[in-house]
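This is what each chain is made of:
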Amino acid sequence: MANNNNYSNTMSSTLFSFVRKHWYASIKAVAVYVILYFCTFSLVNGTGKEFTVYWIVSVLCGVLFCFFSYMDTWRKAMRDHNLVMYNYIEYNKWRGLISGLLADIPGLVIIIFILITKASGASNYVDFAKVGYFIFYSPFVMLVTALEESTHNLIYFLPLIVTPITGAAGYYFGYRNIGLVGQFIYKTDRAKNKKLR
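Residues numbered from 1 in each chain as written. Predicted model: local features only at pLDDT ≥ 70, side-chain atom pairs only at ≥ 80, totals over all residues. Heavy atoms only, no water.

(A) Expanded view of the packing of helix 4 (residues 95–103) against helix 8 (residues 159–175). Remark: helix 4 packs on helix 8, axes separated minimally by 7 Å, with the N-to-C direction vectors making an angle of 155 degrees. When the axes of helix 4 and helix 8 are compared, the pair comes out roughly antiparallel. Read as a crossing pair, helix 4 and helix 8 show a hand that is right-handed. For the pair formed by helix 4 and helix 8, the contact residues are Arg95, Gly96, Leu97, Gly100, Leu101 and Ala103 on the first element and Thr163, Pro164, Gly167, Ala168 and Tyr171 on the second. Broken down by class, the residue content of the contact of helix 4 with helix 8 amounts to 6 nonpolar, 4 polar and 1 charged. (Axes fitted to C-alpha atoms, helices over the stretch in contact; angles between N-to-C directions. Helix = DSSP H or I, 4+ residues; strand = E, 2+ residues; numbered from the N terminus. Parallel < 35°, antiparallel > 145°, perpendicular 65-115°, else oblique. Left-handed = near helix turned anticlockwise from the far one by under 90°. Contact = heavy atoms within 4.5 Å. Nonpolar A, V, L, I, M, F, W, Y, C, P; charged D, E, K, R; others polar.)

(B) Quick look at the nonpolar core. In terms of nonpolar packing, the biggest core is built from 16 residues, with Phe65, Ile114, Tyr133, Tyr137 and Tyr156 touching the most fellow members. For this core, the secondary structure elements donating two or more residues are helix 5 (105–120), helix 6 (123–137) and helix 8. Take this core: its biggest share by element is 5 residues, from helix 6. Not counting the four nearest positions on each side in its chain, isoleucine 114 is found in contact with Val126, Ala129, Lys130, Tyr133 and Tyr156. (Core = buried A, V, L, I, M, F, W, Y, C linked by side-chain atoms within 4.5 Å. Buried < 20%, exposed > 50% of the residue type's maximum accessible area, 1.4 Å probe, protein only.)

(C) The arrangement of helix 3 (residues 50–85) in detail. In a regular helix each residue adds 1.5 Å, so 36 residues correspond to 52 Å; helix 3 covers 52 Å between its end C-alpha atoms and thus fits that length. At the C-terminal side of helix 3, asparagine 87 shows a positive phi close to 60 degrees. (Expected span 1.5 Å × (residues − 1).)

(D) Representation of a nonpolar patch on the surface within the structure. A cluster of nonpolar side chains, Trp94, Leu97, Ile98, Leu101, Leu102, Ile105 and Val109, forms an exposed patch at the surface whose accessible area comes to about 600 Å². The set of elements that each furnish at least two residues to the nonpolar patch consists of helix 4 and helix 5. Here the nonpolar patch takes 4 residues from helix 4, the largest share from any one element. Considering the arrangement of structural elements, one finds valine 109 in helix 5. Exposure remark for valine 109: the relative accessible area of 52% places this residue in the exposed category. (Patch = residues over 30% accessible without salt bridge, like charges linked within 9 Å, V, L, I, M, F, W, Y side chains within 5 Å. Areas by Shrake-Rupley, 256 points an atom, 1.4 Å probe, with all protein chains shown as cover. Salt bridge = Lys/Arg side-chain N within 4 Å of Asp/Glu carboxyl O.)

Here's what the structure looks like:
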């Protein structure tokens, strides 16, 4: 009976499994951000270049955040294609988008909490909530800090757009087994070969 349950779990694909992949992408981005931050801090501290370096780190981690989220969804979508082929699950073209939206729910709750506490003047709770924001959206912290006043805090919502986009794109291309990185390398190689002829 246990073996049958394990087989059933292997031949299934839940929406929450996609949501978890987005959260894992956030955790991986946080890890990279922290490592790069401390590695660069010792090199640039006191040189006057700290601000520039931290922006570079943020942009790099933002790209990695999108890449992690996209690739994890891409791999899951490719697996979904096989499961659909053998009638284990039904195809749902909105799965990538929906999983991205669901993955943003904790972040949305944190943002609303930040805005409420900022409006009420409870600064201690704002700092606590920003730790949660950092966990989910670490690459955007520098941008938010720079623009929160000028955008009337609307900049906090920017990352909520990113995850659904990477989820939808990852699922679309993954289900069709289209690797954008591979396609780019293939086209580059073909262009080089034409030049050599």
